[in-house]
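Observations on the three-dimensional arrangement
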Amino acid sequence: KNQVEQSPQSLIILEGKNCTLQCNYTVSPFSNLRWYKQDTGRGPVSLTIMTFSENTKSNGRYTATLDADTKQSSLHITASQLSDSASYICVVISGSNDYKLSFGAGTTVTVRA
Amino acid sequence: NAGVTQTPKFQVLKTGQSMTLQCAQDMNHEYMSWYRQDPGMGLRLIHYSVGAGITDQGEVPNGYNVSRSTTEDFPLRLLSAAPSQTSVYFCASSYTGQGYNEQFFGPGTRLTVL
């Protein structure tokens, strides 16, 4: 079983609307959590990174939250644009000396005009 | 800076053939790694390197070899291709292997093994 679970698997939203993606993890010991955006046919690109002490981080219209107690994170997209159509991947980094990256399977977002 | 580059972008092999996927970075990063991405699954680590001359196995190393003769290059070799190796392969690099360093990914190589 994957230690990083993302939901929903996919979603379709209208341009201009908001959406929230979820990430639940069981990985420990926790070091930091990242959200990546992966456009079709491209490699993932980092959106946000959060450490244990941070519970909110924004990058333009993208806002990530982290609740390290419940091991949950979310990515909120505000006023979606067609260019937001992509897969969004949650990555949890664990360890203190020997780091390990655990990847979620991603949520595919389709923004329609 | 070109960042992380990968070649080829697409490749079709027959079962049993061998080939090398190329990866290069121009950011002077110590840490480089190879992942495979399959539908419905998260990226899985194949091999990684913490510096020139040092490589180690990841989560799914069987059927793959790597070497790191220079800081810039980290090729991935498929010894005898199998249909189970059909996947999209991503190379990534970061300044070091420390967890707080951002990983930069290449554009990927889509491999089909018939």
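The following refers to the structure shown. Here the structure is a predicted model, which means the values were calculated and not measured.

1. Concerning the overall build of chain A
A tally of regular secondary structure across chain A gives zero helices and eleven strands. From first element to last, N terminus to C terminus, chain A shows the α and β order β-β-β-β-β-β-β-β-β-β-β. The C-alpha radius of gyration computed for chain A amounts to 14 Å, which stays within 12% of the reference 13 Å derived for 113 residues, consistent with globular compactness. With respect to the three principal axes, the spread of C-alpha positions in chain A is 45 × 25 × 20 Å. A sequence separation of at least 24 residues applies to 56% of the contacts in chain A between residues at least 6 apart. Accessible area of chain A: about 5,500 Å², with a carbon and sulfur share of 48%. Charged side chains in chain A number 10 positive and 8 negative. The centres of these two groups are separated by 5 Å.

2. Overview of the interface of chain A and chain B
Counting residues at the interface gives 17 residues for chain A and 18 residues for chain B. Taking both partners together, chain A and chain B bury about 1,400 Å²; carbon and sulfur atoms supply 53% of that area. On inspection of chain A and its partner chain B, the count reaches zero salt bridges. Among the elements of the structure, strand E4 (30-38), strand E5 (45-51), strand E9 (86-94) and strand E10 (100-103) of chain A are those that each provide at least two residues to the side of chain A that touches chain B. Looking at the side of chain A that touches chain B, the element that brings in the most residues is E4(A), giving four residues.

3. Structural notes on unusual backbone geometry
Following Ser7(A), the chain continues into Pro8(A) via a peptide bond in cis, with omega recorded as -10 degrees. Within the secondary structure, Pro8(A) is located in the loop between strand E1 (4-7) and strand E2 (10-14). That bond from Thr7(B) to Pro8(B) is cis: its omega, -10 degrees, falls within 30 degrees of zero. Assignment of secondary structure puts Pro8(B) in the loop between strand E1 (4-7) and strand E2 (10-13). For Ala79(A), which is not glycine, the phi dihedral falls at a positive 50 degrees. Tracing the backbone shows Ala79(A) in the loop between strand E8 (72-77) and E9. Given a relative accessible area of 35%, Ala79(A) falls into the partly exposed group. Although it is not a glycine, Asn28(B) adopts a positive phi angle of roughly 60 degrees. Looking at where Asn28(B) falls in the secondary structure, it is placed in the loop between strand E3 (19-25) and strand E4 (31-37).

4. Overview of the environment of Ser94(A)
With respect to the element layout, Ser94(A) can be found in strand E9. Excluding anything up to four places from it in sequence, Ser94(A) contacts Val27(A), Ser28(A), Pro29(A), Ser31(A), Tyr99(A) and Lys100(A).

5. Quick notes on the pairing of strand E9 (residues 87-94) of chain B
The side chains of a regular strand alternate, residue by residue, between the two faces of the sheet. Residue and element names in this part refer to chain B. With eight of eight residues buried, E9 lies mostly within the body of the structure. Of the two faces of E9, the one holding Ser87, Tyr89, Cys91 and Ser93 and the one holding Val88, Phe90, Ala92 and Ser94 are both buried throughout. For E4 and E9, the ladder comprises seven bridges, and the chain directions are antiparallel. Counted as the bridge partner of Gln37 is Val88 from E9. Summarising the sheet, E9 and strand E11 (residues 109-113) pair through three bridges and their orientation is antiparallel. Bridge pairing links Ser87 to Leu111 in E11.

Scoring rules and cut-offs
Residues numbered from 1 in each chain as written. Chains lettered and ligands numbered in written order. Predicted model: local features only at pLDDT ≥ 70, side-chain atom pairs only at ≥ 80, totals over all residues. Heavy atoms only, no water. Helix = DSSP H or I, 4+ residues; strand = E, 2+ residues; numbered from the N terminus. Rg over C-alpha atoms; globule rule 2.2 N^0.38 Å. Contact = heavy atoms within 4.5 Å. Areas by Shrake-Rupley, 256 points an atom, 1.4 Å probe, with all protein chains shown as cover. Lys, Arg positive; Asp, Glu negative; His and termini not counted. Charge placed at Lys NZ, Arg CZ, Asp CG, Glu CD. Buried area = accessible area lost by both parts, 1.4 Å probe. Salt bridge = Lys/Arg side-chain N within 4 Å of Asp/Glu carboxyl O. Buried < 20%, exposed > 50% of the residue type's maximum accessible area, 1.4 Å probe, protein only. Pairing = 2+ DSSP bridges.

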